[in-house]
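A closer look at the structure
Okay, here's what each chain looks like letter by letter:
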Amino acid sequence: MTTLRPYQSDAVNALMAGWHSGTASGLVVLPTGTGKSLVQAELIRRLGTASDAVRILAVSHVQELIAQNAAALSRLWPGAPMGICSAGLKQREGDARIVFGSIASIFRDPAALGPRHIVLIDEAHLVSHDAETMYGRLLSGLRQLVPHLSIGGLTATPYRLTTGRLTEAYEGAPAVFERVVYEARLSDMIEAGWLSPLTSKATVTRFDLNGVKTRAGEYVAGELSARVNNDALNEQIIGQTLAMASDRKSWLVFAVGHDHARALGSVLSDFGIPNAVILGDTHSEARTRAIGAFRAGRLRALVSVGVLTTGFDAPNVDCILMARPTKSPGLYVQMLGRGMRLAEGKRNCIVLDFAGNVKRLGPVDEIDGGDARGISEKLEAKARECPVCATLVSAKRSKCPDCGHVFSIPRGLAKPELSQAAVVSSEAEHCWFDVERVTYARHEKDGRQSLRVMYEVEGHQWPISEFHGFSGSPSWAWRRFWEKRSTEPLPDNMSDALAMVVSLPIPCRIWCRRDGKFWNVRKAQFDNRSKRAA
């Protein structure tokens with residue numbers, strides 16, 4: 001029997017609560033590798049078993065995701081009344097009560113699907129503000145049949161390079177989704193053991209991108225390929241990867257273009273590395289065979305251009321070779337996400353960044369897409385190289401997390417705040433604080449209420465705070481907070497929570513992580529004291 005993880009159940013509850021409270025289009029944000037397929041399957045199972053009349057469409061853009069999502073529902077709900085409508089999968093079952101559809105196969109004639117009350121969109125960051133795109137035309141056609149359509153989006157990256165956050169309007173066009181109803185932070189998933197850590201080392205070979213033009217916020221592909229695809233660079237990249245990742249068994253290589261990918265594949269073969277090159281025009285059967293061989297360990301490397309950034313599930317990936325420079329936060333997050341799945345014997349995934357993406361874009365879990373409409377050429381580097389061990393470290397951080405090297409600070413500059421390491425913030429500075437007192441208060445922001453927990457700690461003038469919202473179903477973080485402190489039923493509203501917290505014991509210490517100028521509470525430690533909150 002398939003069991004949902006706590007955060008997956010929270011995501012399902014939050015989206016359904018959002019629909020119930022009037023949010024017609026809610027967005028669920030889950031990091032790559034945390035099981036969006038299972039979240040979607042549980043949503044469909046609950047809705048489909050609650051009423052025989054409800055008709056559901058689950059849509060995506062690649063056949064691998066469609067097949068993967070359909071298989072997840074079959075495991076969770078054997079005998080579900082479902083069908084697949086995808087030209088790539090050679091199935092046209094658009095009249096089923098539950099349809100897993102390819103956007104390219106269904107957008108031209110939404111009416112052929114019949115009335116759909118629920119639409120779930122995987123990789124929802126591909127939905128544009130433009131009403132004339134495939135998704136725009138599909139949703140417009142479905143609303144003609146069911147005006148009060150409920151929409152749920154699932155994504156790891158809730159923003160687009162050209163238009164910014166999906167929950168914000170753009171140039172007069174309304175937001176793609178009304179609000180984020182649930183979000184799981186990548187750093188939390190790593191610390192809880194649901195995702196594999198990433199680690200990054202600086203490389204000797206680095207691309208010189210001076211003069212390469214930018215268009216629509218991203219490097220011009222032709223100019224980029226001409227700059228980085230040459231025999232000498234390609235041999236250096238593979239040679240250095242062998243030297244720095246000799247113990248890594250499963251490499252994923254991201255190239256700039258088709259010619260670059262083929263060239264890197266050829267060099268890999270010259271070095272005796274079994275590999276396959278997967279491109280957009282690679283036949284589906286050949287792609288399936290190559291991915292299968294890679295998962296089974298018969299191939300050590302896969303080389304890709306834009307194909308294996310979404311819908312690709314290979315937990316064994318323990319080395320990511322970024323030979324593709326990008327200014328897109330979304331693409332950067334998707335590439336790194338391929339190495340975060342858990343696998344037996346895998347301690348972490350090493351990132352070898354020949355493209356300068358880590359320095360350009362910073363810690364992967366600190367990207368929020370607020371300025372996703374392009375990265376300025378004049379941006380200061382967000383990470384720097386440790387001169388002792390070559391670890392890439394956040395530019396805001398004064399000490400290397402691997403070897404302890406202390407970076408010098410130029411005269412005249414204030415001491416930088418400690419912050420996240422380059423790839424993920426789980427390598428940030430942590431510290432235990434002795435707790436002297438805890439207070440609670442109601443907190444309101446943007447019309448939403450949350451419970452503010454304030455820890456007065458030794459050596460700090462101001463309290464360290466954490467917040468727990470009550471806008472929907474209880475979150476995983478709130479449930480974990482409460483169960484650590486009480487055996488009483490979990491309060492699910494602000495009034496009950498404020499009345500009950502006075503009986504909670506306070507921790508003797510809290511373990512916090514530095515986040516810029518703030519500290520985030522990560523763990524609490526209790527002893528036998530009977531001291532209560534004030």
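Just so it is clear, the structure is predicted and the values come from calculations on it, not from any experiment.

1. Here we look at unusual backbone geometry
For K90, which is not glycine, the phi torsion reads 60 degrees and is therefore positive. In this fold, K90 is placed in the loop between β3 (82-86) and β4 (91-92). Assessed through its relative accessible area of 76%, K90 is described here as exposed. Phi is positive for E123, which is not a glycine, with a value near 55 degrees. For E123, a relative accessible area of 5% puts it in the buried group.

2. Some thoughts on the side chain of K346
Inspection of the secondary structure assignment puts K346 in the loop between α11 (329-337) and β18 (349-353). The side chain of K346 is buried and forms no salt bridge, while D318, the nearest opposite charge, is found at 7.1 Å. Within the structure, the side chain of K346 is placed 2.6 Å from the backbone oxygen of V317, a separation counted as a polar contact. Those residues within four positions of K346 in sequence are excluded, and the remaining contacts are S196, P315, V317, D318, G339, M340 and R341.

3. A word on the packing of aromatic side chains
Under the criterion given, the structure shown has five aromatic pairs. On the basis of an interplanar angle of 35 degrees and a centroid distance of 6.2 Å, the ring pair of W432 and W511 is categorised as tilted. Here the residue W432 occupies a position in strand β21 (residues 430-445), and W511 occupies one in strand β24 (residues 509-515), the gap between them amounting to 79 residues. Take W432: its relative accessible area is 35%, and that puts it in the partly exposed class. Seen in terms of ring centroids, F433 and W519 are 5.1 Å apart; in terms of plane orientation they differ by 80 degrees. Their pairing is edge-to-face. In this pair, F433 is assigned in strand β21 and W519 in strand β25 (residues 518-525), connecting sequence segments 86 residues apart. Comparing F433 with W519, the two get one shared label, buried. Aromatic ring contacts, followed pair by pair, group W478, F481 and W482 into a single cluster. The ring of F481 has R485 sitting right over it, with the charged end atom 3.7 Å from the ring centre. Above the ring of W432, the side-chain terminus of R509 is found at 4.2 Å from the ring centroid.

4. Examining the sheet that holds strand β11 (residues 198-201)
Strand order across the open sheet formed by six strands is β11-β18-β17-β14-β16-β15, with parallel pairing between neighbours. If you trace the sheet from one side to the other, it starts and ends with β11 and β15 (275-278), each paired once. Each strand axis lies, on average, 20 degrees off the axis of its neighbour in the sheet, ignoring direction. Contacts from α11 reach β11, β14 (251-254), β17 (319-322) and β18, with the element oriented near 150 degrees to β17.

5. Considerations on the confidence of the model for the chain
With 85% of its residues at a pLDDT of 70 or more, the chain has an overall mean of 84. This stretch, residues 371-380, has a pLDDT under 50; its non-local contacts, to residues over four places away or in other chains, come to 23 contacts. Every residue in residues 409-421 scores below 50 in pLDDT, and together they form 39 contacts with partners more than four places removed in sequence or on other chains.

6. Points about the pairing of strand β1 (residues 25-29)
With five of five residues buried, β1 is to be regarded as a mostly interior element. What you see with β1 is no split at all: S25, L27 and V29 on one side and G26 and V28 on the other are buried throughout. Sheet topology places β1 next to strand β7 (residues 150-155); five bridges connect them, and they run parallel. Pairing of S25 across the sheet is with I151, part of β7.

Cut-off values and rules
Residues numbered from 1 in each chain as written. Predicted model: local features only at pLDDT ≥ 70, side-chain atom pairs only at ≥ 80, totals over all residues. Heavy atoms only, no water. Helix = DSSP H or I, 4+ residues; strand = E, 2+ residues; numbered from the N terminus. Buried < 20%, exposed > 50% of the residue type's maximum accessible area, 1.4 Å probe, protein only. Lys, Arg positive; Asp, Glu negative; His and termini not counted. Salt bridge = Lys/Arg side-chain N within 4 Å of Asp/Glu carboxyl O. Polar contact = N/O pair within 3.5 Å; in protein donor to acceptor, adjacent residues only side chain to side chain. Contact = heavy atoms within 4.5 Å. Phe/Tyr/Trp six-rings, centres within 6.5 Å; stacked < 30°, edge-to-face > 60°. Lys NZ or Arg CZ within 6 Å of the ring centre and 35° of its normal. Pairing = 2+ DSSP bridges. Axes fitted to C-alpha atoms, helices over the stretch in contact; angles between N-to-C directions. pLDDT = per-residue confidence, 0-100.

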